[in-house]
Amino acid sequence: MGNTVAREDFEWVYTDQPHADRRKEILAKHPEIKALMKPDYNLIWVVVLMVLAQLTAFYLVKDLDWKWVIFWAYVFGSCISHSMTLAIHEISHNSAFGNSKAMWNRWFGIFANLPLGLPYSISFKRYHMDHHRYLGGDGIDVDIPTNFEGWFFCTRFRKFIWIVLQPFFYAIRPLCINPKPITRLEIINLLAQFSFDIVIYYLWGVKSTFYMLAGSVLGLGLHPISGHFIAEHYMFLKGHETYSYYGPLNLLTFNVGYHNEHHDFPNIPGKSLPLVKKIAAEYYDNLPQYNSWIKVLYDFVMDDTISPYSRMKRQLKGEVKQD
């Protein structure tokens, strides 16, 4: 239980990320993929239904015993909340209304954020674009753990705690690695969110408010869907930076498991990523892949050679442009 992992630093690499070159190669061979670069208007209706589902749940839990509030927060609320963060991920790529209506996507992201209880959408978009442009970039990509995380969470028990605390680290890490000045849209996101939270508390009380916040925290921590946080870029195999997952939980997560495909074509909505894999199968079938996010979580904790340090990291050169 107390075994310490061997790795003591990140895997520093001095090559560019592989996705841009593979994208050029695939498009040269399969130009029909360009037809998939269009909005997914079904995303709008799915998000609206998810918001309505959570509003219904807020109402239904208001008079339940606390044990049932906690139970439903984990069993149902956490799934919807985590799924909504991945809907917001889609919206951050302008998948709802398209690139020509970028602000429509920002406002819609603020709306999708409401049942999560904490402001998230606008800040996530700003940092997530950096993650795509500068994958593994030192001091830029806040998806990379801090040195403290790699140093401290180095035993099986501590890695388990690290997984439980994922929401905390994702919230704090940007402030430690790459703090940005707050924008007008982030203030609007915050005011809209806290106004919504106050209304929920006023209408239905503390249990509904707790259900909302607990569902978000639990869904992003020790939860089967949270396996995608580790599955996407943690280096289980030396030399491989991004991994795809092709299991059933893609149905709840807007195909975020198709992660090599997503990084190769970030302007293609999740709905169409299985088509990308099918069209360009010769590029993806032989890449390392997962079929279980639960197994990813288990292996991360139990494998003494894997830790938060198991990431590729780059020293960026030249001009860096951030949102």
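Being a predicted model, the structure only gives us computed values, none of them experimental.

## Regarding the packing of aromatic side chains
Step number 1: Taken as a whole, this structure holds 25 aromatic pairs when the rule is applied.
Step number 2: Here Phe148 and Phe152 contribute two aromatic rings whose centre-to-centre distance is 5.5 Å and whose plane-to-plane angle is 10°, an arrangement assigned as stacked. Residue Phe148 and its partner Phe152 are located together in helix H6 (residues 147-152), separated by four residues, close to a single helical turn.
Step number 3: Clustering of aromatic rings is evident, with ring pairs tying together Phe148, Trp151, Phe152, Phe153, Phe168 and Phe169.
Step number 4: Residue placement shows Lys159 over the ring face of Phe300; its charged tip is 5.4 Å from the ring centre.

## As for the environment of Glu90
Step number 1: Mapped onto the fold, Glu90 is located in helix H3 (residues 66-92).
Step number 2: Each C-alpha atom of the pair Glu90 and Ala73 lies 24 Å from the other, and the pair is 17 residues apart in sequence.
Step number 3: Residue contacts for Glu90: discarding those within four places in its chain leaves Leu43, Ser95, Phe254, Pro269 and Gly270.
Step number 4: A polar contact is formed between the side chain of Glu90 and the backbone nitrogen of Gly270, at a distance of 2.8 Å.

## Focus: helix H10 (residues 206-219)
Step number 1: End to end, H10 covers 19 Å across 14 residues, agreeing with the expected 20 Å (1.5 Å per residue, within 8%).
Step number 2: Looking at the buried side of H10, the elements it contacts are helix H2 (42-60), H3 and helix H9 (184-204).

## Examining the packing of H2 against helix H4 (residues 102-113)
Step number 1: Interhelical geometry of H2 versus H4 gives an angle of 25° and a closest axis separation of 9 Å. In terms of axis orientation, H2 runs roughly parallel to H4. Where H2 crosses over H4, the two elements pack in a sense that is left-handed. The residues of H4 that touch H2, namely those facing Leu43, Ile44, Val47, Val48 and Val51, are Phe108, Phe111 and Ala112.
Step number 2: By residue class, the composition of the contact of H2 with H4 is eight nonpolar, no polar and no charged.

## Description of the packing of helix H7 (residues 156-164) against helix H8 (residues 166-177)
Step number 1: Direction vectors running N to C along H7 and H8 enclose 70°, while the axes themselves pass 5 Å from each other. Here H7 is positioned roughly perpendicular relative to H8, judged by the angle of their axes. In contact with Trp162, Ile163 and Val164 of H7, H8 contributes Gln166, Pro167, Phe169 and Arg173.
Step number 2: For the contact of H7 with H8, a count of residues per class yields five nonpolar, one polar and one charged.

## Digging into the pattern of salt bridges
Step number 1: Under the counting rule described, the total for this entry stands at 15 salt bridges.
Step number 2: One salt bridge in this structure joins Lys295 and Asp299, with 2.7 Å as the shortest N-O distance. Within this pair, Lys295 and its partner Asp299 are both found in helix H15 (residues 293-302), separated by four residues, close to a single helical turn.
Step number 3: Look at the salt bridges and you will find they share partners, linking Asp130, Arg133 and Lys180 into a network.

## Topic: the UniProt feature "transmembrane region" (unreviewed entry) in the protein chain
Step number 1: Taking the UniProt record as the reference, the feature "transmembrane region" (unreviewed entry) is found at residues 43-61, 68-87 and 107-124.
Step number 2: Taken as a whole, residues 43-61 contains 95% helix and 0% strand, while its terminal C-alpha atoms sit 27 Å from one another.
Step number 3: Across residues 68-87, helical content stands at 100% and strand content at 0%; the span's end C-alpha atoms are separated by 27 Å.

## Points about unusual backbone geometry
Step number 1: Even without being a glycine, Asn94 presents a positive backbone phi close to 65°.
Step number 2: Structurally, Asn94 can be placed in the loop between H3 and H4.
Step number 3: Despite not being glycine, Asn255 shows a phi value in the positive range, around 60°.
Step number 4: If you trace the backbone, Asn255 turns up in the loop between strand E2 (244-245) and helix H12 (259-264).

## Topic: the environment of Met50
Step number 1: In this structure, Met50 sits in helix H2.
Step number 2: Accessibility expressed as a relative area gives 9% for Met50, which makes it buried.
Step number 3: The spacing of Met50 and Pro115 is 65 residues in sequence and 8.8 Å in space, taken between C-alpha atoms.
Step number 4: In this view, Met50 contacts Ile80, Ser83, Met84 and Phe254; residues no more than four positions away in its chain are not counted.

What counts and how
- In every chain, residue numbers begin from 1 and rise along the written sequence.
- For this predicted model, a pLDDT threshold of at least 70 governs which residues receive local features, and a threshold of 80 or more governs which side-chain atom pairs are given and counted, while totals over whole chains, interfaces and linings are taken from all residues.
- Side-chain metrics rest on all non-hydrogen atoms present in the structure, leaving aside hydrogens and water.
- Each Phe, Tyr or Trp ring, with Trp reduced to its six-membered ring, pairs with another whose centre is within 6.5 Å; inter-plane angles below 30 degrees give stacked pairs, above 60 give edge-to-face pairs, and intermediate values give tilted ones.
- Secondary structure elements are taken from DSSP: a helix is a run of H or I of four residues or more, a strand is a run of E of two residues or more, and numbering for both begins at the N terminus.
- Put simply, a charge is over a ring when the Lys NZ or the Arg CZ is close to the ring centre, within 6 Å, and near the line of the ring normal, within 35 degrees.
- Contact between two residues is taken to exist if any of their heavy atoms lie within 4.5 Å; hydrogens are not considered.
- Here a polar contact is recorded for every N or O atom pair within 3.5 Å, except that within protein the pair must consist of a potential hydrogen donor and a potential acceptor, and residues adjacent in sequence are included only if both atoms are side-chain atoms.
- Given the number of residues in a helix, its expected span is that number minus one, multiplied by 1.5 Å.
- Under this scheme, a helix contributes an axis fitted over its contacting stretch, all axes are lines through C-alpha atoms, and angles between N-to-C directions fall in the 0 to 180 degree range.
- Every angle not falling under 35 degrees, over 145, or within 65 to 115 is termed oblique; those three ranges are roughly parallel, roughly antiparallel and roughly perpendicular.
- Should the near helix be turned counterclockwise from the far one by less than a right angle, the crossing is left-handed, whereas a clockwise turn marks it as right-handed.
- For this scheme, ten residues count as nonpolar: Ala, Val, Leu, Ile, Met, Phe, Trp, Tyr, Cys and Pro. Four count as charged, namely Asp, Glu, Lys and Arg, and the remainder, Gly too, count as polar.
- We define a salt bridge as a side-chain nitrogen of Lys or Arg found within 4 Å of a carboxyl oxygen belonging to Asp or Glu.
- UniProt positions are given in the numbering used here, feature names are shortened, and annotations may be inferred rather than shown by experiment.
- Exposed residues in this analysis have more than 50% of their type's maximum accessible area, buried residues have under 20%, and partly exposed residues fall in between, with area computed by a 1.4 Å probe over protein chains only.

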